[in-house]
Amino acid sequence: MFIVLAWMGAIAFSAESHATTLLPGEQATTEQSRDGNHASTERAVGIWELAAAWVWAKQREFHRALTRELRELRGKEGVGWALVLMSFLYGVLHAAGPGHGKAVLTTYLLTHQSRLNRGIAMGTAAALLQGVTALVLVYGLVGLAGWLPRETETASLWAARVSFILLATVGLYLLVRAARTLFGTVRRLRYEAGHVHHDHDGHVHGESCGCRHLPTAVEIDTVGSRHATAGVVLAIGLRPCSGAVLVLILATVMDLMWHGAFAVIGMSVGTAITIVSLAILATKARDWASAVVAHRSPLWSLAAGGVGAFGGALLLLLALWLLNTSFAMKPAMGL
Amino acid sequence: MMGIQHYYRCGMAGLMLGIFLGTSSLQAHHHNWIDVFAEWQFDTKGLISGVKLRWLFEDYYSVLLVDDAVTTGEELQAILNKILSNTAKHHYFLQIEHEGGEASLGTHEQATIGVQNHRIENEFLLPITVPLDPRHRDIVYQIAEPTYYFEMLHAEESPVIVLKDAPPSCRYRLEPPKLDAALVAYAASLGVNESGGDGLGIQFAETVTIRCE
């Protein structure tokens, strides 16, 4: 755990800061050289890295393709289905790559009991909200408030920061809640250890018995968990997808507002499909894990509390790290 | 405590997944690119005496740069001067090999900047100090921004490489970069604020060979 912490810290603080709009040559420090490859080729490449590399290469192609499609739509009639389809595919793929939304949702779902429907709804809502955020930010600020497209990039950076702060709050809330439950459980287990000794064969326990199995639907659906759910969805959804911002900014400049909006809708639907698959996977994985341990140990609720606390802590750390990174990169033109 | 162990394992698996998803290129920077056009200029003796390069910046980067210029009141000309003085330190991102050595370039001339269909375009002529003879030895060149912050490839439109006033026997051949998985994985792992180092870009560069039989 400490290694993880130290490592996250190291990444966050070693992050070199630079302005967003760099000119060619501004970031290179020494002369280019043929044998200057410091890091890459000698390393062994794992399966995850290969997957990440594949997604990265595909995204690069998509960026170019989306730009090309927009360029070709200029001055033409019609919806531009090719662009919408491409945006949809980009959405599916983009969500398959590493990203903040997925990290948050899977961490939450793996460490907190929730029903499958809830997970699906969370994924869908978060993905669609990301599209809406991008639309409101870019079209709202450029179209209605008369901002420069460039300034909306700063605005989306701030939207992201708000979402990170929200995420930190959710993480802290989950941590505190889990810690409280944990202390309660410990106290109860101690009390029981001193009093009752019964065998577990029959599994008929009254309400007063400390040996509990899976929480019921009612317990899962507490007010607290609803707040946490909403918080997680907002924390993901308030950060606009960078691909959507890119398409909308280009659409604004090229006078293709409607095409841009359709493209972003396609993108959000694509993102939703991937995120929901991931949410189902995470919920199933957790249910399975709970089923495996539920009948074996009276301490299981203790473990569940521990995992819940751990999840909260992880979200909190992630949020702080993201926030730190977002401040490390300064926008070129100030705020 | 079998159950706890199971739970612990599952928790760790979740942690690993979370960390994998949550790090590396979580905030990979936007893909920037420049389309390059090159016009190689031959003198009357059939030697290459200079190259006129045209850089066409991608649409999104162009929008950001133009808006920055509007905000700061900076003229495009000032931006051009900055670009050229920055890139001059790096051979204008051009590396020409001839007869086992690197050709030396003069200072840029006739530099212009403009906006074409929302894309920033700049053009400049680079004299080659000692003109190169392509008849006996191949001329091999690569264009790359060292850190790969910008990907520089020859444009897909034609004509992209022109051998101006060249003898009829002159040809060129463009080879795409040979990328290996480790290299791409390394580039993919760079976060938004990380630089891949000054040797990265060249490994993603195309190689062009000019030959006169």
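Scroll up to find the structure this text is about.
All residue numbers here refer to positions counted from 1 along the written sequence of the relevant chain. Here every chain gets a letter starting at A, and every ligand a number starting at 1, in the order they are written. For this predicted model, a pLDDT threshold of at least 70 governs which residues receive local features, and a threshold of 80 or more governs which side-chain atom pairs are given and counted, while totals over whole chains, interfaces and linings are taken from all residues.

Colleague: So what exactly am I meant to see when it comes to the overall build of chain B here?
Modeller: Elements are defined by DSSP. Helices are runs of H or I of four residues or more, strands are runs of E of two residues or more, and each kind is numbered from the N terminus. On a plain count of helices and strands, chain B comes out with four helices and eleven strands. Exposure classification rests on a simple neighbour count of other C-beta atoms within 10 Å of a residue's own: a residue reaching 20 or more is buried, one at 12 or fewer is exposed, and one in between is partly exposed. C-beta atoms are placed from the backbone. Within chain B, the proportion of its 213 residues that are buried is 43%. In this description, a residue-residue contact is defined by the distance between C-beta atoms placed from the backbone, which must lie within 7 Å. Contacts in chain B between residues at least 24 apart in sequence constitute 73% of all its contacts with a sequence separation of at least 6.

Colleague: Sorry, what's going on with helix α5 (residues 116-144) of chain A here?
Modeller: Residues three or four positions apart in an α-helix share a direction because the helix packs 3.6 residues into each turn. Helices are assigned an expected span. That span is 1.5 Å times one less than the residue count. A rise of 1.5 Å per residue sets the reference length of α5 of chain A, with its 29 residues, at 42 Å; its end C-alpha atoms lie 40 Å apart and thus fit the reference within 8%. Just downstream of α5 of chain A lies Gly146 of chain A, where phi reads positive at about 75 degrees.

Colleague: So what exactly am I meant to see when it comes to the environment of Ile210 of chain B here?
Modeller: All names here are of chain B. Tracing the sequence through the fold places Ile210 in strand β11 (residues 207-212). Here the alpha-carbon distance between Ile210 and Leu80, two residues 130 residues apart in the chain, equals 29 Å. Residues in contact with Ile210, not counting those within four places in the same chain, are Trp40, Pro134, Asp138, Ile139, Leu163, Cys170 and Tyr172.

Colleague: Help me understand helix α3 (residues 76-88) of chain B in this model?
Modeller: All names here are of chain B. In this model, α3 (13 residues) spans 18 Å end to end at C-alpha, consistent with the 18 Å of a helix rising 1.5 Å per residue. Of all the residues in α3, the buried ones are Leu80, Ile83 and Thr87. Taken around the axis of α3, the buried residues stretch over an arc of 65 degrees, which confines them to a single face. In α3, those exposed residues whose orientation departs by more than 90 degrees from the buried face are Gln77 and Ser85. On its buried side, α3 packs onto β5 (109-116) and β6 (119-132). Think of it as the arc spanned by the lines of direction from the helix axis to the C-beta atoms.

Colleague: Looking at this structure, I do not really get unusual backbone geometry. What am I missing?
Modeller: In most cases, non-glycine residues show a negative phi, while peptide bonds are predominantly trans. Residue and element names in this part refer to chain B. Looking along the chain, the bond that leaves Ser158 and enters Pro159 is cis, with omega of 0 degrees. In this structure, His91 takes a positive phi of about 55 degrees despite not being glycine. By the C-beta count within 10 Å, which is 18 here, His91 ends up partly exposed. Notably, Tyr148 is not glycine yet its phi reads approximately 65 degrees, a positive angle. Note on placement: Tyr148 falls in the loop between β7 (139-143) and β8 (150-154).

Colleague: What should I look at first to understand the nonpolar core in this one?
Modeller: Burial of nonpolar side chains together is a common tendency in soluble globular proteins. All names here are of chain A. For the purposes of this analysis, a nonpolar core is taken to be any set of buried Ala, Val, Leu, Ile, Met, Phe, Trp, Tyr and Cys residues that are connected through C-beta atoms within 7 Å. The biggest cluster of nonpolar side chains holds 118 residues, and the ones touching the most others in it are Val104, Leu105, Val232, Val247 and Leu248. Per-element tally for this core: the top contributor is helix α11 (residues 300-328), with ten residues. Leave out the neighbours within four places in its chain, and Val247 touches Leu66, Leu70, Ser87, Gly260, Ala263 and Val264.

Colleague: Looking at this structure, how should I read the sheet that holds β11 of chain B?
Modeller: The strands that make up a sheet are held in pairs by hydrogen bonds between backbone atoms, and each pair lies either parallel or antiparallel. Residue and element names in this part refer to chain B. What the five strands build is an open sheet, ordered β4-β3-β7-β11-β10; its pairing is antiparallel. Each edge of the open sheet carries a strand with a single partner, namely β4 (101-102) and β10 (170-175). Bridge count for β10 against β11 is six bridges, and the pairing is antiparallel. Bridge pairing in β11 links Tyr172 to Ile210. At least two bridges found by DSSP between two strands is the condition for calling them paired.

Colleague: Can you walk me through the packing of α5 of chain A against helix α8 (residues 223-237) of chain A in this structure?
Modeller: The packing of two helices is summarised by the inter-axis angle and the distance between the axes. Residues and elements named next belong to chain A. α8 packs onto α5 with a crossing angle of 35 degrees between their chain directions and a minimal axis gap of 8 Å. Between α5 and α8 lies a crossing of right-handed hand. Residues Arg118, Met122, Ala125, Ala126, Leu129, Gln130 and Thr133 of α5 touch α8, and the partners they reach there are Thr229, Val232, Val233, Ile236 and Gly237. When residue character is reported, Ala, Val, Leu, Ile, Met, Phe, Trp, Tyr, Cys and Pro are called nonpolar, Asp, Glu, Lys and Arg charged, and the others, Gly included, polar. The residue makeup of the contact of α5 with α8, split by class, is seven nonpolar, four polar and one charged. Fitting a line to C-alpha atoms yields each axis, with helices limited to the stretch in contact; the angle taken between N-to-C directions then spans 0 to 180 degrees. Here is the rule for handedness: rotate from the far helix to the near one, and if that takes an anticlockwise turn smaller than a right angle the crossing is left-handed, while a clockwise turn gives right-handed.

Colleague: When you look at the environment of Leu135 of chain A in this model, what are you seeing that I'm missing?
Modeller: Residues and elements named next belong to chain A. Along the chain, Leu135 falls in helix α5. Accessibility expressed as a C-beta count within 10 Å gives 20 for Leu135, which makes it buried. As a C-alpha pair, Leu135 and Ile265 span 130 residues in sequence and 9.4 Å in three-dimensional space. With sequence-adjacent residues up to four places away left out, Leu135 is seen in contact with Leu248, Ala261 and Val264.

Colleague: Explain the pairing of strand β3 (residues 94-98) of chain B to me, please; I cannot follow it from the model alone.
Modeller: Moving residue by residue along a regular strand, the side chains alternate between the two faces of the sheet. All names here are of chain B. Of all five residues making up β3, four are buried, and the element is well covered by its neighbours. Here five bridges tie β3 to β7, and the two strands are oriented antiparallel to one another. When the bridges of β7 are listed, His98 appears paired with Ile139. By the bridge criterion, two bridges tie β3 to β4 in an arrangement that is antiparallel. Each residue of the ladder has a partner; that of His98, found in β4, is Gly101. Linking two consecutive strands that pair antiparallel, namely β3 and β4, is a turn of two residues; a positive phi of about 50 degrees is found at Glu99 within it.

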